[in-house]
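Coordinates in review
Spelled out, the chains give:
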Amino acid sequence: RMVLTPHPLRERMTLFWHNHFATSLNKVANPALMRRQNDLFRTHALGDFKALLAGIGKDPAMLIWLDSTSNRKAKPNENYAREVMELFSLGVGNYTEQDIREAARAFTGWHTDMRGFRFQPKLHDDGPKSVLGRTGNWDGTDVVKIILEQPAAARFLVRKLYTAYVREIAPPDALLEPLCEAFRRSDYDVAALLKTMLSSRHFFSDHAYRK
């Protein structure tokens, strides 16, 4: 598909997001759910990262992959809460263990019946939670919004896209900050970011050529 598609950048970004939100048939054990997840990546490949991050939290393959079906009020499972901050949006050092514990409570009751997303109200902790400095009766949707309010989110994603498309060694954060600020102002528009990045003089410079 990547070879024959008339939209190679969309397919390249579909692969990028598959690597970013890494899951595997090895544990999911359901090809239909893996295909559904692949279609989710393709739909949002060049779109709104906020929508993609919100969607992956309710994706059945991801729910299985990170054991979300065992995340319940009486015994929160921290797997997804940790991955959504560490690997999907913020990066190490931009959250605390307490943030993970509180976010895990917000995601309680987010389960799957192996066909789709199923919210289990009786298993959800609807008490107050403090996540990244914000306190309220948050659920998983709220946590995603709070995460993307953090300046670290844009830096984490811009750095990862830079190393995927421009040069494998990213420059210091200070040099990436104009891209990060533009990404925030665009409300996490992936296509706008890539357009800026891939049409820049920097992209065609000796610094980046064949890197």
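One can find the structure itself at the top, above this paragraph.
Residues numbered from 1 in each chain as written. Predicted model: local features only at pLDDT ≥ 70, side-chain atom pairs only at ≥ 80, totals over all residues. Heavy atoms only, no water.

Turning to the environment of P171, a few remarks are in order. Within the secondary structure layout, P171 lies in the loop between α9 (151-165) and α10 (173-185). When the C-alpha positions of P171 and R201 are compared, they lie 15 Å apart, and in sequence the two are 30 residues distant. (Helix = DSSP H or I, 4+ residues; strand = E, 2+ residues; numbered from the N terminus.)

So, on to the packing of aromatic side chains. Counted by the stated rule, this structure contains 13 aromatic pairs. Between the aromatic rings of F107 and W110, the centroid separation amounts to 5.2 Å while the plane-to-plane angle is 90°, which identifies the pairing as edge-to-face. The pair F107 / W110 is uniform in exposure class, with both members buried. Both rings, one in F203 and one in F204, keep their centres 5.1 Å apart while their planes meet at 85°; by these two values the pair is edge-to-face. Here F203 falls in the partly exposed class, since its relative accessible area comes to 23%. Put simply, the rings of F16, W17, F21, F41, F49, Y80, F88, F107, W110, F117, F183 and Y188 touch in pairs and so form one group of aromatic residues. The aromatic ring of Y165 is capped on one face by R12, whose charged end is 5.0 Å from the ring centroid. (Phe/Tyr/Trp six-rings, centres within 6.5 Å; stacked < 30°, edge-to-face > 60°. Buried < 20%, exposed > 50% of the residue type's maximum accessible area, 1.4 Å probe, protein only. Lys NZ or Arg CZ within 6 Å of the ring centre and 35° of its normal.)

What is shown is where atoms sit, not what they do.
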